[in-house]
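Residues per chain, in single letters:
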Amino acid sequence: MQVDFAQRELTIKLVYYGPALSGKTTNLQQIHGFVSPVSCGRLMTLDTRDDRTLFFDLLPLQFRSDTGLHLRLKLFTVPGQVMHTATRRLVLSNADGVAFIADSQLSETRNNASSFVDLRENLRQNGLAIETMPVVVQFNKRDLAGVRSDAEIDDLAARGREPVYRAIATQGVGVLETFLGLTELTWTSLDHHHDLGSKFGISAAAFMLSLTRHLRVLGDGGHR
Amino acid sequence: MDDPSLGQKLTLDDLVPEGGLVEICRSFRDLFGVEVRVVPRGQTIEQPRLPPRAAYRTAEVSYDGEVLGTLVLGPYMPSDSVVSLSLTGDAGPPPLPRMKDPTAERLLRHLASVLDVVLWSGHRAFLASRMQISSSQELHRELVAKNRALTESLERVKELDRLKSNFLGTVSHELRTPLTSILGYAEMLAEGLAGALNEEQIEFVGTIREKGQHLLSLISSVLDLSKLDAEAALVDVSEVDVGALCEGVVTAAMAGWQKRGLDVKVAIGQGVPKVRTDLERLRKVVSNLLDNAIKFTPTGGTVQVAVGVKTPPPEMQSPVGLALLAPADQLVEIAVADTGIGIAQENQPRVFDAFYQVDGSSTRQYGGTGLGLSIVKRLIESLGGRVSVSSTLGTGSTFRVELPVEPGSE
Ligand SMILES: Nc1nc2c(ncn2[C@@H]2O[C@H](COP(=O)(O)OP(=O)(O)OP(=O)(O)O)[C@@H](O)[C@H]2O)c(=O)[nH]1
Ligand SMILES: [Mg+2]
């Protein structure tokens, strides 16, 4: 987080983490499509020719609330391929919140788990603790066969701590819910630690309302 | 840690290579015949003396909400103004380009949008190169640390290895050599090389040989155990199909259990994942358990080897990341059940102790050294697993081995 009280400007860094090919970049592409161009910068991708993220993707969002708060959200993805762990650690530094994009396919169970362990370790090396980091989990690729069942995900969600979302990122389903869920969780956590609400004169509810109004949400599922 | 992706305020120099802006401006002037300049933030815009009515146009150069400088177009002569022609012709500066104000505005907007793309690509390249540098530094740091750790553990392993081979070498030599001689001489006696023996002498020599052989196999097992201790840290991990392994072990032991008139079955449950573990150690575990079951099961009995998958109960898991970790946090269970003599409740906790056999007489009746199960326990614990027993006296025993699918996920 970067704060400039004089300019009433707040920058929040959100990181999309997860195993290779789970759909992190696709999430950002969809958000890019959902948000009105006024609030949304270009989507910057630093990838290889085969569309695998090499360093990161970056989607900058910004808007002003009614109370004059200038909010910037920087959405990053990490490269999911195992070999890029040093890069993931760099991208993760100073993160304010993490969306963990998991691949719902049963065959990816282990990759999801080891990527989560990798996240925990990379946070630790950045001096951050998974226990205090705002984290949401997205089970993506719900459209595929051979995925963990809805009932099982509900059960896991009920037993665990993090909010869990289901998504078909390629169709935009569940992408905004994940993003808004993460932003709200992150704002609440930052507010709790830095008392942003009273410093910027905006409540969590007003903040979220302001944010959703700047998203061009078409249709209930959030399809384009 | 240095954060190459957020961080300090950008300047034009970060985004456009040296001379790049000048070149863009020059090509723009060549094309449209009007001067353009980019003045970085913080520098003052010079105002040369101009003919009356000459005009400039300016626009902010901004990137990601930050003003980085000013774009200046001109001077030009608005084309609706009257120009006084110079009478001398050759004196004075060249005439200013003439254009309509809206045209100038359009040119300025066009240049601004070209510049925006240039800055964006520049930013992208800037971030990529900083990430490249930081990543290499990270990798280097990591490599150095890993190298150090590896060197240290190599030293430790070498030391262990030295101790181990010293110890094993000594034990092997000091115990086996005399024992082998004893056995050799007993054999020569039995074969009558030192003269014919009477009935009773032959029987006594037979007992010496039998006990000697037992002692020899005991020594081998003790050596196995100490080898295990020394090698505890060295596990050779690969993807192991536990079902196939159990079938292999049962087939390999077939001659033994068929001779004893036993029925041995293998049952493999649904969806048992492959386990990342040490194949040879696991094979030894299963084969020791099978040997044990066969040994204590009377003729006509059955031994069943069952392989299944289990998810540990929720209270064993941490709630952070549960949705992702719990499904992968599975155990593979191997249960070896026999219809043998069974083990009394009070004796069950001690069956895994070295040299323990329920009562001394069973060693005599069933043979073996009493070390098989303690070897199983050490082996399985070196793989991060557990072994347990449940049994009813006279009905049979079941030995259960639980093994994590992924070693050391915590
Ligand atoms: N069927 C299906 N495919 C998806 C979904 N989301 C993403 N994909 C596909 O999965 C592939 C990988 O998606 P990306 O978004 O590039 O994955 P990533 O997580 O950024 O991958 P890395 O950059 O390598 O870490 C692409 O072919 C996507 O089209 C989904 O919900 N359903
Ligand atoms: Mg990607």
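Residues numbered from 1 in each chain as written. Chains lettered and ligands numbered in written order. Predicted model: local features only at pLDDT ≥ 70, side-chain atom pairs only at ≥ 80, totals over all residues. Heavy atoms only, no water.

Enquirer: Looking at this model, I keep getting lost on the coordination of the magnesium ion (ligand 2). Mind explaining?
Expert: Ideal values differ by geometry: the angle at a metal is 109.5 degrees with four tetrahedral donors, but 90 or 180 degrees with six octahedral donors. Residue and element names in this part refer to chain A. Donor atoms from the polypeptide that bind the magnesium ion (ligand 2) are Thr25 (OG1) and Thr53 (OG1), placed at 2.0 Å. Placement of threonine 25 in helix α1 (residues 24-34) and of threonine 53 in strand β4 (residues 53-64) is noted, with a sequence separation of 28 residues between them. Take threonine 25 and threonine 53: they sit in the same class, and that class is buried. (Donors = N, O, S within 2.8 Å, 3.2 Å for Na, K, Ca; no water. Helix = DSSP H or I, 4+ residues; strand = E, 2+ residues; numbered from the N terminus. Buried < 20%, exposed > 50% of the residue type's maximum accessible area, 1.4 Å probe, protein only.)

Enquirer: Before we go on, may I ask you to explain helix α2 (residues 85-92) of chain A in this structure?
Expert: Helical periodicity: at 3.6 residues per turn, an α-helix aligns residues three or four positions apart in one direction. Residues and elements named next belong to chain A. Of all 8 residues in α2, 8 are buried, a share of seventy percent or more. When α2 is considered as a whole, its buried residues turn out to be Thr85, Ala86, Thr87, Arg88, Arg89, Leu90, Val91 and Leu92. At the exit of α2 stands asparagine 94, carrying a positive phi of roughly 65 degrees.

Enquirer: Sorry if this is basic, but what is going on with a nonpolar patch on the surface here?
Expert: On the surface, B:Tyr185, B:Met188 and B:Leu193 cluster together to form a nonpolar patch covering roughly 340 Å² of accessible area. Tracing the chain through its elements places B:Leu193 in the loop between α3 (101-190) and α4 (199-231). (Patch = residues over 30% accessible without salt bridge, like charges linked within 9 Å, V, L, I, M, F, W, Y side chains within 5 Å. Areas by Shrake-Rupley, 256 points an atom, 1.4 Å probe, with all protein chains shown as cover. Salt bridge = Lys/Arg side-chain N within 4 Å of Asp/Glu carboxyl O.)

Enquirer: Would you explain empty space enclosed by the protein in this entry?
Expert: Across all of its chains, the model carries 1 cavity of 30 Å³ or more by this definition. One number sums up the size of the largest cavity: a volume of about 50 Å³. Looking at the largest cavity, the residues that line it are A:Asp103, A:Ser104, A:Thr109, A:Asn112, A:Phe139, A:Arg148, B:Ala323, B:Leu324 and B:Pro327. Taken together, the residues of the lining of the largest cavity sort by class into 4 nonpolar, 3 polar and 2 charged. (1 Å grid on protein atoms, 1.4 Å probe; cavity = no way out; pocket = protein on both sides within 12 Å on 5 of 7 lines; lining within 4 Å. Points joined across faces, edges and corners; volume = space filled by probe spheres on them. Nonpolar A, V, L, I, M, F, W, Y, C, P; charged D, E, K, R; others polar.)

Enquirer: What is the right way to read the nonpolar core from this model?
Expert: In terms of nonpolar packing, the biggest core is built from 64 residues, with A:Phe56, A:Leu119 and B:Leu73 touching the most fellow members. The biggest single contributor to this core is α3(B), with 11 residues. The residues touching B:Leu73, leaving out its near neighbours within four places in the chain, are B:Phe28, B:Val34, B:Glu35, B:Val36, B:Tyr56, B:Arg57, B:Ala104, B:Leu107 and B:Leu108. Counting 39 residues, the second-largest nonpolar core is a separate cluster that includes B:Val303, B:Val351, B:Leu379 and B:Val405. (Core = buried A, V, L, I, M, F, W, Y, C linked by side-chain atoms within 4.5 Å. Contact = heavy atoms within 4.5 Å.)

Enquirer: In this structure, what is going on with the interface of chain A and chain B? I would like to understand it.
Expert: Size of an interface, as often reported, equals the accessible area lost when the parts are brought together. The interface of chain A with chain B comprises 47 residues on the first partner and 46 residues on the second. Here chain A packs against chain B, burying approximately 3,800 Å² in sum over the two surfaces, 62% of which is carbon and sulfur. Of all residues in chain A, the largest losses of buried area upon contact with chain B belong to A:Arg42, A:Leu90 and A:Arg110, amounting jointly to 20% of the total for that side. Counting across the chain A and chain B interface gives 6 salt bridges. Measuring nitrogen to oxygen at the nearest pair gives 2.4 Å for the salt bridge that ties B:Glu142 to A:Arg89. Inspection of the region where chain A meets chain B yields 10 residue pairs in polar contact (both at pLDDT 80 or more). Among the elements that line the side of chain A that touches chain B, the one with the most residues is helix α3 (residues 109-125) of chain A, at 8 residues. Here the side of chain A that touches chain B is built from residues that sort into 21 nonpolar, 13 polar and 13 charged. (Buried area = accessible area lost by both parts, 1.4 Å probe. Polar contact = N/O pair within 3.5 Å; in protein donor to acceptor, adjacent residues only side chain to side chain.)

Enquirer: Help me understand the site of ligand 1, please; the structure alone is not making it clear to me.
Expert: Residue and element names in this part refer to chain A. Residues in close proximity to ligand 1 total 18 residues, the closest being Lys24, Thr25, Thr26, Thr53 and Gly80. Between ligand 1 and the protein, one listed contact pairs an oxygen atom with a backbone N or O atom of glycine 23 at 3.0 Å. Note that an oxygen atom of ligand 1 is positioned 3.0 Å from one of the side-chain N or O atoms of asparagine 140. Burial of ligand 1 by the protein amounts to 80% of the accessible area it has alone, namely 660 Å². Residue contributions to the shell around ligand 1 peak at 3 residues, all from α1. Its residues assigned to classes, the shell around ligand 1 comprises 6 nonpolar, 8 polar and 4 charged. (Near = heavy atom within 4 Å.)

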